[in-house]
Amino acid sequence: MRLRVVLLVVATSSLVLVSFLVPLALVLRTFAADRARSTATIQAQNLVPLVTTLDPGSLRQEIDQVNAENRSTPVTVFMPGGTELGPPAARTASVQLATNGRSFTAVTPAGANVLVSVQGLPAGTAVIQVFVPTAQLRRGVARAWLLLGGLGLGLLALSVLVADQLARSLIRPITNMARAADDLAAGDLTARAVVAGSPEVRRASAGLNRLAVRIGELLAHERETVADLSHRRLRTPLTALRIDAESLRDDDEMARLSDDVNAVERTVSEIIREARRPTGGGSALCDAAEVVTERAMFWQPLAEDQDRPMTLEVAPGPVLVRISTEDLAACIDILLENVFSHTAEGLAFEIRLSRRAGGGAWLVVADDGPGFPDADPTQRGLSSGGSTGLGLDIARRIAEASGGTLTVGRSPSGGGSVTAGLGPPVQALDAGRRHRRARDRLHLRPRDGAPEYGPSEGTPWSLLGSSRVDR
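In this text the structure is predicted, and so the values were computed from the model without any measurement.

**Student:** Is there a simple way to think about the sheet that holds strand S4 (residues 111–121) in this case?
**Tutor:** Two strands in a sheet stick together by hydrogen bonds in their backbones, pointing the same way (parallel) or opposite ways (antiparallel). With antiparallel pairing, five strands are arranged side by side in an open sheet as S2-S1-S5-S4-S3. Strands at the two margins of the open sheet, each flanked by one partner only, are strand S2 (84–85) and strand S3 (104–108). Bridge analysis of S4 against strand S5 (residues 124–133) gives nine bridges, and the strand direction is antiparallel. Residue pairing in the sheet places Asn113 in a bridge with Phe131 of S5. Here helix H1 (residues 2–53) sits on the sheet in contact with strand S1 (75–78), S3, S4 and S5, set at roughly 25° to S4.

Structure, rendered in structure tokens:
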């Protein structure tokens, strides 16, 4: 928009300058020609008394003296008897016409001939011709045009500077408002637009701020409503169930049922805490390598129980992504839960984490199972395996919230493969911050007879189903 405003002002200024300077330049050229012809006419008229009073010899000397003093406009006098005084010149039709008593100016390609008729001589009519060359007619015109051109360019440059400052003052509030809107779209509900600029922009900024406040209030109300409903609808029946469990006479059965009730209560408490957790503001940051390794450690015992070979490859060093630790852990758990729930026991799977070229990371979970159906399994509520159909949709939304994507395909073995692109962090962490590595606690065994690598050697990690975790 700033460039468009500047271009608009440049176009308008150019039209105004052209419409003003071009006619002025033509007027200056005409004025210079008229001035040169007027000077030549005055010069010729000053010679009329000399032609009528002096003898031919004295007149010749006078004309030679005039030509010597002013060589730019030569003067020639055509006497009645055919004699020419001064520089030789052709007796043209214009000269013949002037002998009839007419005084005028004849324009030729080489310049202008100012012809003055002198009557009253005994032998007839004489003609005084003053030749004004084209260079004399346009004397000073080029300089005047250069000055006009310089003035036009200066005015145009001044208009560009003024337009640029005006565009800055107009665009700056709009840019601030757009930045606040982008922050709000990224989830930062604390972002506010600066109320400044023209009345229309101030009104739009104030409206955006009111909208952000209203969205925050609605989300807070929704979170509290969900938490209250979870408390009223779940905790009351659980309390009744606990009372019934405590009334059992069999101690073993009562302890087992109480433990189940406690587990459900912990789940309900986690649901309430999750419901009250504010929406992320776009500044979340975590080390994907650490989170992926920790979740792999969590799922490894189950993989061992089901005889599933598990391969883990994590890029060395901190892999910072724009996502919270809780959300990334939830995304990984969803992808791994799908593997355990929808593939047969004993089938291998792998987890790979690598860096993206533009920042962020690629997270790939692939298995040797039957793969995904033809329909898009990331569609919310769509499931062909008896599940709710929400898992992959939640993982997709987590990946997109970080600025990435989630795609579903096939693994090299023909099974299912899910690739989550995690966006880069908005802000860089302090260079001196140390990130703990949960994978440092893993005891790794090399694959395919390769030499064994230590945790600090910065090599890809391979975790097989038969690996053990050092507790």
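**Student:** Even after reading the chapter, I still don't get the nonpolar core, so can you show me in this structure?
**Tutor:** For soluble globular proteins, nonpolar side chains are generally found buried alongside one another. The biggest cluster of nonpolar side chains holds 38 residues, and the ones touching the most others in it are Leu328, Ile351 and Leu353. Contributions of two or more residues to this core are made by helix H8 (288–305), strand S7 (310–314), helix H9 (325–342), strand S9 (349–355), strand S10 (361–367), helix H10 (391–401) and strand S12 (416–422). Those residues in contact with Ile351, other than ones at most four positions away along the chain, are Val292, Ala296, Met310, Thr311, Leu312, Glu313, Leu336, Leu363, Val364 and Val365. Counting 23 residues, the second largest nonpolar core, distinct from the first, contains Ala40, Ile63, Met79 and Val116.

**Student:** Just to check I follow, could you spell out the packing of aromatic side chains for this structure?
**Tutor:** A complete count under the given rule lists three aromatic pairs for this structure. Residues Phe340 and Phe349 carry aromatic rings whose centres are separated by 5.5 Å and whose planes lie at 70° to one another, so their mutual orientation is edge-to-face. The exposure classification of Phe340 matches that of Phe349, with both residues buried. The lysine or arginine in question, Arg295, covers the ring of Phe298, its NZ or CZ lying 4.4 Å from the ring centre. In this arrangement the basic side chain of Arg356 is found over the ring face of Trp362, its NZ or CZ atom lying 4.7 Å from the centre.

**Student:** Which parts of the structure should I look at to understand the sheet that holds S7?
**Tutor:** Read from one edge of the open sheet, five strands run S7-S9-S10-S12-S11, paired in mixed fashion. Of all strands in the sheet, those with a lone pairing partner are S7 and strand S11 (406–410), marking the two edges. Along the sheet, successive strands turn relative to each other by an average axial angle of 15°, direction set aside. Strand direction decides the pairing type here: S9 and S10, joined by seven bridges, are antiparallel. Directly across from Ile351, in S10, lies its bridge partner Val365. Taken strand by strand, H8 contacts S7, S9 and S10, and its axis lies near 170° from that of S7.

**Student:** For this particular structure, what's the right way to read H1?
**Tutor:** One turn of the α-helix equals 3.6 residues, which is why residues spaced by three or four share an orientation. Taking 1.5 Å of rise per residue, 52 residues should cover 76 Å, and H1 covers 77 Å from first to last C-alpha, within 8% of that figure. Of all bends in H1, the biggest is about 25°, found at Leu47, and the proline Pro49 comes one to four residues later.

**Student:** Could you clarify how one ought to interpret the environment of Ser13 in this entry?
**Tutor:** Its place among the elements puts Ser13 in helix H1. Using a relative accessible area of 17% as the deciding quantity, one classes Ser13 as buried. Separated by 142 residues in the primary sequence, Ser13 and Leu155 place their C-alpha atoms 8.2 Å from one another. With residues near it in sequence (within four places) discarded, Ser13 still touches Leu156 and Ser159.

What counts as what
- Residues numbered from 1 in each chain as written.
- Predicted model: local features only at pLDDT ≥ 70, side-chain atom pairs only at ≥ 80, totals over all residues.
- Heavy atoms only, no water.
- Pairing = 2+ DSSP bridges.
- Helix = DSSP H or I, 4+ residues; strand = E, 2+ residues; numbered from the N terminus.
- Contact = heavy atoms within 4.5 Å.
- Axes fitted to C-alpha atoms, helices over the stretch in contact; angles between N-to-C directions.
- Core = buried A, V, L, I, M, F, W, Y, C linked by side-chain atoms within 4.5 Å.
- Buried < 20%, exposed > 50% of the residue type's maximum accessible area, 1.4 Å probe, protein only.
- Phe/Tyr/Trp six-rings, centres within 6.5 Å; stacked < 30°, edge-to-face > 60°.
- Lys NZ or Arg CZ within 6 Å of the ring centre and 35° of its normal.
- Expected span 1.5 Å × (residues − 1).
- Bend = angle between axes of the 7 residues up to and from the residue.

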